[in-house]
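Residue-level structural notes
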Amino acid sequence: FAAVLVFGGGLTACGSKTTTTTPAANAGTAAPGGGGSATTAKAKLSKEQVIEQADKICAASKEQGDKIPEPTNDADRIRNYLNQSFDLVQRQVEQLRSLAEQAGDNATLTELIDELEETVRTGRDRIEDIVANSDILTDPNGPFEPRVAELQRRANEFGFKVCMQRGSTGESTGEPGGG
């Protein structure tokens, strides 16, 4: 189940925000009495940098997701497992959003993140359905599988190797559902 939700996972620090301060930006900013200010501009990340950092986030999340014990057939344990998995993916979403804010062209990335977050919301809304019938997660006509397959296709197209990928290793084979 975690492979369906975590998509290769991700929960580490997003990489540092790059800030640059130029001498020209600081020129003439000192005020009498020693006060002053510096102008800081955030450099935008390239698509390659975004992919690299996002895949690191997702790899770390996958590691955390792999540590969540698989549930038995006990409904409370399944519910707990699902909640832990959804919480993990939501934290991943938040970190990816922070990264997207640093991206130069982030429209596609933001769409992917929005879709991932919507999948988490759907899962939380359908948690009792999933507890009653876990096959709902992999049903090709169900509320998850078509969405997950499309998300993975678009993530591959974007260039992700780990983020939004399914599979036991978090690595994409390029095949739908592959890992």
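Right above here is the structure, for reference.
So, a few notes on the structure that sits alongside this text. Just so you know, these numbers come straight off a predicted model, no measurement behind them.

**Some points on the overall build of the chain**
Scanning the chain from terminus to terminus reveals 7 helices and 2 strands. Reading the chain from its N end, one meets helices and strands in the order α-β-α-β-α-α-α-α-α. For the chain, buried positions account for 39% of its 179 residues. In the structure as shown, the chain presents an accessible area of about 9,400 Å², 48% of it carried by carbon and sulfur atoms.

**Structural notes on helix H5 (residues 107-125)**
Between its terminal C-alpha atoms H5 stretches 27 Å, which fits the 27 Å expected from 19 residues at 1.5 Å a residue. For H5, the complete set of buried residues consists of Leu109, Leu112, Ile113, Leu116, Glu117, Thr119, Val120, Thr122 and Gly123.

**A few points about the state of the cysteines**
Following the criterion strictly, the structure yields 1 disulfide and no others. Between the sulfur of cysteine 58 and that of cysteine 163 lies a disulfide, 1.9 Å long from S to S. Its S-S torsion of about 90° marks the bond between cysteine 58 and cysteine 163 as right-handed, since a negative value means left-handed. Within this pair, whereas cysteine 58 is found in helix H3 (residues 47-66), its partner cysteine 163 is found in the segment after helix H7 (145-158), the two being separated by 105 residues in sequence. For cysteine 58, a relative accessible area of 0% gives the class buried. Using a relative accessible area of 0% as the deciding quantity, one classes cysteine 163 as buried.

**Remarks on the packing of aromatic side chains**
Within this structure, the stated rule accounts for 1 aromatic pair. Ring geometry for phenylalanine 158 and phenylalanine 160: centres 5.1 Å apart, planes at 45°, overall tilted. With respect to burial, phenylalanine 158 and phenylalanine 160 carry one shared label: buried. Cation over ring: lysine 47 sits above phenylalanine 158, and NZ or CZ is 4.7 Å from the ring centre.

**Examining unusual backbone geometry**
One non-glycine residue with positive phi stands out, namely methionine 164, at about 60°. In this structure, methionine 164 sits in the segment after H7. Its relative accessible area of 0% is what places methionine 164 among the buried residues.

**Things to note about the packing of helix H4 (residues 75-101) against H5**
Viewed as axis vectors pointing N to C, H4 and H5 meet at an angle of 160°, and their least axial separation amounts to 10 Å. The orientation of H4 with respect to H5, classified from their angle, is roughly antiparallel. Considering how the two elements wind past one another, H4 and H5 form a crossing that is left-handed. Residues Asn83, Phe86, Asp87, Val89, Gln90, Gln92, Val93, Leu96, Arg97 and Ala100 of H4 form the contact with H5, whose participating residues are Leu109, Thr110, Ile113, Asp114, Leu116, Glu117, Val120, Gly123 and Arg124.

**Focus: the pattern of salt bridges**
Summed over all chains, the structure comprises 14 salt bridges. Here glutamate 52 makes a salt bridge to lysine 56, at a shortest N to O gap of 3.5 Å. Of the two residues, glutamate 52 and lysine 56 both sit in helix H3, 4 residues apart, roughly one turn of that helix. Across the pair arginine 153 and glutamate 150 runs a salt bridge whose closest N-O atoms are separated by 2.6 Å. Taken together, the positions of arginine 153 and glutamate 150, both in helix H7 and 3 residues apart, correspond to about one turn of that helix. Using a relative accessible area of 41% as the deciding quantity, one classes arginine 153 as partly exposed. A single salt-bridge network, built from bridges that share partners, covers Arg97, Asp114, Glu117, Glu118 and Arg121.

What counts as what
- Residues numbered from 1 in each chain as written.
- Predicted model: local features only at pLDDT ≥ 70, side-chain atom pairs only at ≥ 80, totals over all residues.
- Heavy atoms only, no water.
- Helix = DSSP H or I, 4+ residues; strand = E, 2+ residues; numbered from the N terminus.
- Buried < 20%, exposed > 50% of the residue type's maximum accessible area, 1.4 Å probe, protein only.
- Areas by Shrake-Rupley, 256 points an atom, 1.4 Å probe, with all protein chains shown as cover.
- Expected span 1.5 Å × (residues − 1).
- Disulfide = S-S within 2.5 Å.
- Phe/Tyr/Trp six-rings, centres within 6.5 Å; stacked < 30°, edge-to-face > 60°.
- Lys NZ or Arg CZ within 6 Å of the ring centre and 35° of its normal.
- Axes fitted to C-alpha atoms, helices over the stretch in contact; angles between N-to-C directions.
- Parallel < 35°, antiparallel > 145°, perpendicular 65-115°, else oblique.
- Left-handed = near helix turned anticlockwise from the far one by under 90°.
- Contact = heavy atoms within 4.5 Å.
- Salt bridge = Lys/Arg side-chain N within 4 Å of Asp/Glu carboxyl O.

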